[in-house]
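The residues making up each chain are set out below.
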Amino acid sequence: MTPTTGPRRRRRTADAAPSPSAAGPTSSAATAGRTPADTSGRTTPAVRGTAGARTSSAASIGRDGRGAERGTVGAAASSSGARDGLRGARAGAGTGAGGRTQAPVPPEEAGDPTDPIVLGRRIRYRRKRLRITLEELARTVGIAPSALSLIENGKREPKLSTLSALAGALDMGVEQLLGSKAPSRRMELEIQVERVQRGPMYAALGLPTVRVGPGMSTETLEALAALQQQLGQRLEEQAATPEEARRANTQLRARMQGVNNYFERIETMAAELLAAIKHTGGPLSEHHISRLVEHVGFEIHQVPDLPHSTRSVTDLRNRRFYLPTSAGAGSPWSVLLQAVGHHLLEHRRPADYGEFLEQRVETNYFAAALMIPEASAVDLLARAKSQRELSVDDLRDAFAVSHETAAHRMTNLMTHHFDIPTHFEKVHSSGIIHKAWQNDGLQFPTDHSGAVEGQRACRFFSARQAFSGTNRLLSHFQYTDTPHGTYWCSARVEGSEHGEFSISFGVPYEHVKWFRGRAADYRRTSTCPDPACCQQPSPALADQWEGQAWPSARPATHMLAAMPAGAFPGVDETEVFRFLQRHAPTVELDADLA
């Protein structure tokens, strides 16, 4: 999809956002198809709904209710089991013995019918079987031949109305069009080769692609598919021990993007819990937290000897939450709320690392939904949007939370309630990405498996530029021109026991008009993942120092280590059990157990 071009440069006022660069597109590829936002100064509808108009958390999570027409083919294939929680997405992949959730099957193994490449090939195959030209089918369906060509080539997902019209014109049902089985071995090979060429492995390696068309022999396709499979296996072997964690994190991010990082079941549960303790708004005080813990039937115990590999320990038998007496760099209350979340979300012992990550995301979300309640936050954001003063800083200050928590919460609420796509980065001062999220088309660096965490952020992104600021009491505002569009970001540097991190939140250019800081004149250009952008030294610098430098690398201790064993990675369960035995009420300790 070709990004739209931005508005012509006009004389700027103190309130106006700078125009997008003439050298690049102004809106991300992911949002170019959206209806342009109202620029007349009128306030667009701010809120789609809040937690108050929901079903009980005991009920199954329903569809998002935003209308079938706005969905894509993915919504059609999954509407019967649409969930906003991550467990719903994992459960859709199948369950094993005893009801344990199994990891979802990757699209390349499952023949995912929601994959645009699979759908496009099926449409083309059926059209040619019926001897209908591209122009004839496009005219029947009511779309341009170029748009149909993009659909058939897997480069655009059709709307549900277009999908239904295509099914009718091809004399088949929508469910048949979405069938997961390729009609022929050749089509199966075409899909496999095309999917790998468009995947992160090819992008990371910079490999050339070939046009997969009718002129390519089946034998050539067989050879290409086999070579791609072997290449993938070799890269996985070289990826060393954290491969499982990276792959699980990549799959988790995809499921979060499928629900725009908004989990309705958790929002409803948090709202009901806050209502039960009579919290009416504002920051969550220690008094409210104590009442909340009492409400769920637990006690808080702060101890000096919490196992070193844990942040908290929950004694389910005696219904106690154990926290350290010294909170260290952060507040113990968010850790406590996460422990409450594990209990109320009915988490079980993780079956694999993917489930462990999933539970961690859900509990972090639960804690944030309590500290920044949806209804109050949406009301604040709606008023700020009407005044074109949206700000992570204001959300942070209104609820007395960290900048990272506030920025994360913006990603939960902005797309769902205001139709504003977002991105988020947490980057260490060394440039390494620790967390990342986007549903606005911003391209993060990835390895061959699609993993973002552990990659080096572009040094021209606001997440890196923020470290050069001289006044860190204020957020750093910046526009960045990329090959996929122009983005606006606000970033702030925070310290922690693990060093300094920048927290960056941003939106595509077309949505910056709602945010404070849009008048920023700080601008950078990034062409990443092109290595010439910032990953390679300039030719002049290389000529000066090539062969004359020998740095001593500082490897991280985990680089050569295997993934920590156990259901809770890195936790010494023997130490935890001995701790619980020591602190259990009215127990005469056996010498072998103490």
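Residues numbered from 1 in each chain as written. Predicted model: local features only at pLDDT ≥ 70, side-chain atom pairs only at ≥ 80, totals over all residues. Heavy atoms only, no water.

### Regarding the sheet that holds strand β5 (residues 433–438)
Point 1. Strand order in the open sheet formed by six strands is β5-β4-β8-β7-β6-β9, with mixed pairing between adjacent strands. This sheet does not close on itself; its edge strands, each paired only once, are β5 and β9 (523–525). For this sheet the average axis-to-axis angle between neighbouring strands, irrespective of direction, equals 25°.
Point 2. As paired strands, strand β7 (residues 485–496) and strand β8 (residues 499–508) are joined by ten bridges and run antiparallel to one another. Each residue of the ladder has a partner; that of arginine 492, found in β8, is isoleucine 503. (Pairing = 2+ DSSP bridges. Helix = DSSP H or I, 4+ residues; strand = E, 2+ residues; numbered from the N terminus. Axes fitted to C-alpha atoms, helices over the stretch in contact; angles between N-to-C directions.)

### Some words on the packing of helix α13 (residues 264–276) against helix α16 (residues 353–371)
Point 1. Two elements in contact, α13 and α16, have axes whose closest approach is 9 Å; the angle formed by their N-to-C orientations is 40°. On the basis of the axis angle, α13 is oblique to α16. The crossing of α13 and α16 is right-handed. When α13 is examined against α16, the residues Arg265, Ile266, Glu267, Met269, Ala270, Leu273 and Leu274 are found in contact with a partner set consisting of Glu362, Tyr365, Phe366, Ala369 and Leu370.
Point 2. Of the residues assigned to the contact of α13 with α16, the class counts are nine nonpolar, no polar and three charged. (Parallel < 35°, antiparallel > 145°, perpendicular 65-115°, else oblique. Left-handed = near helix turned anticlockwise from the far one by under 90°. Contact = heavy atoms within 4.5 Å. Nonpolar A, V, L, I, M, F, W, Y, C, P; charged D, E, K, R; others polar.)

### Examining unusual backbone geometry
Point 1. A cis amide bond links cysteine 528 to the next residue, proline 529, at an omega of 15°.
Point 2. Note on placement: proline 529 falls in the loop between β9 and α21 (539–545).
Point 3. For arginine 131, which is not glycine, the phi torsion reads 60° and is therefore positive.
Point 4. Tracing the backbone through its elements, the reader meets arginine 131 in the loop between α4 (116–129) and α5 (134–141).
Point 5. Positive phi outside glycine occurs at asparagine 260, with the angle close to 55°.
Point 6. Of note, asparagine 260 is situated in the loop between α12 (243–258) and α13.

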